[in-house]
Number of protein chains: 2
Amino acid sequence: MKLPEAKAQFIQAWGLLGAQWGVNRTMAQIHALLLIAPEPLSAEEIMEALDISRGNANMNVRELMNWGIVEKVLVPGERKEFFIAEKDIWKAGTAIARERKKRELDPILKVLLQLNKVEGDQKDKHVKAFRETIQNIQKFAHQTDAALNAFIKSEEHWFYSTLLKVIR
Amino acid sequence: MKLPEAKAQFIQAWGLLGAQWGVNRTMAQIHALLLIAPEPLSAEEIMEALDISRGNANMNVRELMNWGIVEKVLVPGERKEFFIAEKDIWKAGTAIARERKKRELDPILKVLLQLNKVEGDQKDKHVKAFRETIQNIQKFAHQTDAALNAFIKSEEHWFYSTLLKVIR
DNA sequence: TTGAACTTTCAAAAGTTATTGAAATATATT
DNA sequence: AATATATTTCAATAACTTTTGAAAGTTCAA
């Protein structure tokens with residue numbers, strides 16, 4: 001397989017994966033494109049490579065920056081802004097996990113806490129079934145929360161231990 | 001908070017969570033409804049409770065059964081089919097993880113394997129950047145795969161250890 | 001201060017996904 | 001076998017999401 005074909009396939013696959021995870025397809029494709037680019041890319045180059053409009057490129061690059069997995073870089077002597085992706089995929093993974101936890105798990109933990117306060121007769125089987133389900137989900141959610149926190153933190157440990165080795 | 005309000009809030013929250021994970025909102029809401037129901041529910045009851053059409057109810061209940069987190073039960077003396085959700089949320093979680101791994105992670109592992117075979121001069125920085133990225137992602141994907149497999153398996157351990165206790 | 005280069009915004013259009021409901025099919029009852 | 005009840009399918013449509021591209025906004029050099 002030649003490089004251009006391989007690149008195209010990777011961008012496609014990454015876009016599909018993103019879509020299944022509820023991420024905008026274009027956003028995932030821009031991410032893929034930047035991941036395999038040896039140099040920073042400008043908005044123009046992204047538009048060209050993926051055949052998308054300026055607005056679309058701008059919007060999704062911004063969202064990737066919000067997620068903390070892409071950043072703006074300034075190339076000396078150039079007016080334009082250029083973009084690079086975090087190349088360490090472990091870092092990108094934990095950044096994504098951090099963001100999704102914030103957007104998804106934290107709100108549901110809050111709702112579950114509220115729902116525990118439901119009034120009613122413990123002998124009513126409807127109340128009983130509800131309470132039990134909520135409490136089980138809560139337990140599960142807290143375990144998941146702990147696991148995610150460990151994952152997110154593991155990156156820092158790895159980072160610092162590697163850094164220590166590098167700086168001796 | 002009264003029970004009906006609490007139920008409504010839970011169904012809403014679960015639906016929202018599902019949507020963010022790329023799961024059909026109605027599918028998540030039916031799951032929520034069944035989770036907190038003390039008795040099996042019929043298609044009619046689901047349609048009524050969520051104010052959805054027969055076709056929609058049918059389609060999403062079927063999909064939940066495909067995922068292995070809802071099943072059909074037959075109530076003696078009734079013509080209709082009734083549905084219940086797996087109440088052990090840990091089991092449901094691992095079933096979901098198993099399904100998503102199959103649909104999402106496994107295909108990308110396959111693509112990554114292919115992309116390793118890209119031809120080209122190792123000195124070409126484009127080829128080099130591409131190769132390195134693919135290999136890093138592959139490493140990460142394999143780690144994730146291992147972690148997911150452990151999670152999925154943990155349920156079985158729990159299941160068998162509990163079973164052993166029950167049957168003495 | 002002007003204008004060229006570049007970025008951002010946003011309303012309209014295109015594209016995608018979910019839902020409805022009536023018809024077709026299947027299953028049970030008499 | 002005929003009828004009643006229940007389930008499934010699917011084409012049409014509604015709801016939602018993404019994308020476009022032109023206009024507005026910003027920045028900077030002269």
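Residues numbered from 1 in each chain as written. Chains lettered and ligands numbered in written order. Predicted model: local features only at pLDDT ≥ 70, side-chain atom pairs only at ≥ 80, totals over all residues.

If you look chain A up in an unreviewed UniProt entry, it shows as HTH-type transcriptional regulator from Chitinophaga barathri. A UniProt comment under Sequence similarities (unreviewed entry) is attached to chain A, and it reads "Belongs to the GbsR family." (UniProt positions renumbered as here; feature names shortened; annotations may be inferred.)

Visitor: Describe in detail the UniProt feature "domain: HTH marR-type" (unreviewed entry) in chain A, supporting the description with residues and values.
Guide: Summarizing the sequence annotation, UniProt attributes the feature "domain: HTH marR-type" (unreviewed entry) to residues 22–80 of chain A in the numbering used throughout. Secondary structure within residues 22–80 of chain A divides into 54% helix and 12% strand; the distance between the first and last C-alpha atoms comes to 31 Å. (Helix = DSSP H or I, 4+ residues; strand = E, 2+ residues; numbered from the N terminus.)

Visitor: I'd like a description of the packing of helix H5 (residues 89–115) of chain A against helix H1 (residues 3–20) of chain B, backed by residues and values.
Guide: Where H5 of chain A meets H1 of chain B, the axes come as close as 11 Å, and the angle between the chain directions of the two elements is 170°. Taken together, the axes of H5 of chain A and H1 of chain B lie roughly antiparallel to each other. Contacts between H5 of chain A and H1 of chain B involve Arg103, Glu104, Ile108, Val111 and Leu115 of chain A from the former and Ala6, Gln9, Phe10, Ala13, Leu17 and Gln20 of chain B from the latter. A per-class count over the contact of H5 of chain A with H1 of chain B returns seven nonpolar, two polar and two charged. (Axes fitted to C-alpha atoms, helices over the stretch in contact; angles between N-to-C directions. Parallel < 35°, antiparallel > 145°, perpendicular 65-115°, else oblique. Contact = placed C-beta atoms within 7 Å. Nonpolar A, V, L, I, M, F, W, Y, C, P; charged D, E, K, R; others polar.)

Visitor: Could you give me a rundown of the protein's contact with DNA strand D, with the residues and numbers involved?
Guide: Neighbouring DNA strand D are 16 residues; Ser53, Gly55 and Asn56 of chain A together with Gly55 and Glu81 of chain B lie closest to it. Of all the secondary-structure elements, those providing two or more residues to the surface near DNA strand D are helix H2 (25–35) and helix H4 (54–66) of chain A together with helix H4 (54–66) of chain B. Counting residues per element, the surface near DNA strand D draws most heavily on H4 of chain B, which supplies four residues. Looking at the surface near DNA strand D residue by residue, the classes come out as three nonpolar, seven polar and six charged. (Near = placed C-beta within 6 Å.)

Visitor: Talk me through the domain arrangement of chain A; I want residue IDs and the actual numbers.
Guide: Per the domain assignment, the segments making up chain A are domain 1 (3–85) and domain 2 (89–166). Centre-to-centre separation of domain 1 of chain A and domain 2 of chain A, based on C-alpha positions: 30 Å. (Domains from an automatic or database assignment.)

Visitor: Residue-level account of the sheet that holds strand S2 (residues 70–74) of chain B, with values.
Guide: Residue and element names in this part refer to chain B. One open sheet accounts for three strands, arranged S1-S3-S2; its pairing is antiparallel. At either end of the open sheet lies a strand with only one pairing partner, and these are strand S1 (41–42) and S2. Sheet contacts for helix H2 (residues 25–35): S1, S2 and strand S3 (81–85); angle to S3, the most-contacted strand, approximately 90°. (Pairing = 2+ DSSP bridges.)

Visitor: Talk me through the interface of chain B and chain A; I want residue IDs and the actual numbers.
Guide: With 38 residues of chain B at the interface, the matching set in chain A holds 38 residues. Per-element tally for the side of chain B that touches chain A: the top contributor is helix H6 (residues 125–166) of chain B, with nine residues. Tallied by class, residues from the side of chain B that touches chain A come to 22 nonpolar, eight polar and eight charged.

Visitor: Describe the protein's contact with DNA strand C, with residues and values.
Guide: By nearness alone, 17 residues border DNA strand C, and Gly55 and Glu81 of chain A together with Ser53, Gly55 and Asn56 of chain B come closest of all. Listed by contribution, the elements that provide at least two residues to the surface near DNA strand C are H4 of chain A together with H2 and H4 of chain B. If one sorts the elements of the surface near DNA strand C by residue count, H4 of chain A sits on top with four residues. For the surface near DNA strand C, the residue count by class is three nonpolar, seven polar and seven charged.

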